[in-house]
Amino acid sequence: MNAVYTHTISSFFRSPFKVLSVALFILILNLFLWVIPSSSILDFGFADLSLFFSTVPFIFLIFIPSLFMNFVVEDFENGMSDWLFSKPLNPLNYWLGHVLSGMTIIFLFLILSLSSYFSIHSLASNIGEIDHLQIISSYFGILILALVFTAISTFASSISKNQSAAFLLSVLLCYFFLSIPSFISELPVLVGNADYLLKYFSLDSHLEILSRGIVEMRSLIYFATLIVLFSFFAIRNIEKRLR
């Protein structure tokens, strides 16, 4: 696992393009938060991070699949898998090494995004007078969402033959679980019938609950179910490709 983690992290930071991609996503996020009028916090008029937490899932929708699109695919194409699995390494440790390296980069992204928090903190009418519990629970939700997207992306990469297919499949699956059930629940024919059940399967409805500072067991169960299922099938697919 350490060999995979070290190899993945070092290859990421050796690539100027990959490092610049993190800076680019931070730049895009800040443009949405501070510059673009339709989403600017300055035009919103309230010193809170609700716009930030509603924007980050869509940044992650591209950012996380791009991190994991070469997971499995690249290693098996260039023969790296032969070197890795010649060591005392099993598919679970191989998967864990990639996931931990990806989450390290995502955590770095979130640390860099704290600049928005400090900016809001200083802009509040009474400096420091913001809802910290809401911000903590929202960051917790974003971190859990990152784990869900990571599990989905590793699964998509484990069944794909090239990086483009892995990226596209990851984006489609992540977007489906993020928004599609909630969108379908708004159809007039479903309102008052199956809309509540459909919203349960939409990640954005659970993120909305967390953004209010509320942590519900049903949300944690749903997040955990998606993470475990997609992780399990990703590891199984790696085992199959080794045969």
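Residues numbered from 1 in each chain as written. Predicted model: local features only at pLDDT ≥ 70, side-chain atom pairs only at ≥ 80, totals over all residues. Heavy atoms only, no water.

**Description of the overall build of the protein**
Part 1 of the argument: Counting its secondary structure elements, the protein contains twelve helices and zero strands.
Part 2 of the argument: Reading the protein from its N terminus to its C terminus gives the helix and strand order α-α-α-α-α-α-α-α-α-α-α-α.
Part 3 of the argument: Out of the 243 residues belonging to the protein, those deemed buried represent 44%.
Part 4 of the argument: Looking at the protein as shown, the accessible area adds up to about 12,400 Å², and 70% of this sits on carbon and sulfur atoms. (Helix = DSSP H or I, 4+ residues; strand = E, 2+ residues; numbered from the N terminus. Buried < 20%, exposed > 50% of the residue type's maximum accessible area, 1.4 Å probe, protein only. Areas by Shrake-Rupley, 256 points an atom, 1.4 Å probe, with all protein chains shown as cover.)

**Quick look at a nonpolar patch on the surface**
Part 1 of the argument: Residues L24, L27, L31, F32, V35 and I36 make up a contiguous nonpolar surface patch of roughly 490 Å² in combined accessible area.
Part 2 of the argument: Summarising the element assignment, L31 is placed in helix α2 (residues 16–35).
Part 3 of the argument: Accessibility expressed as a relative area gives 34% for L31, which makes it partly exposed. (Patch = residues over 30% accessible without salt bridge, like charges linked within 9 Å, V, L, I, M, F, W, Y side chains within 5 Å. Salt bridge = Lys/Arg side-chain N within 4 Å of Asp/Glu carboxyl O.)

**Let's talk about the nonpolar core**
Nonpolar side chains tend toward joint burial in soluble globular proteins.
Part 1 of the argument: If you look at the biggest cluster of nonpolar residues, it comprises 57 residues, and the most contacted ones within it are F60, F63, F109, F149 and L203.
Part 2 of the argument: Of all the secondary-structure elements, those providing two or more residues to this core are α1 (2–14), α2, α4 (50–68), α7 (91–123), α8 (132–158), α9 (163–185), α11 (203–211) and α12 (217–242).
Part 3 of the argument: The contact partners of F63, leaving out residues within four places of it in the chain, are V22, F25, I105, I106 and F109. (Core = buried A, V, L, I, M, F, W, Y, C linked by side-chain atoms within 4.5 Å. Contact = heavy atoms within 4.5 Å.)

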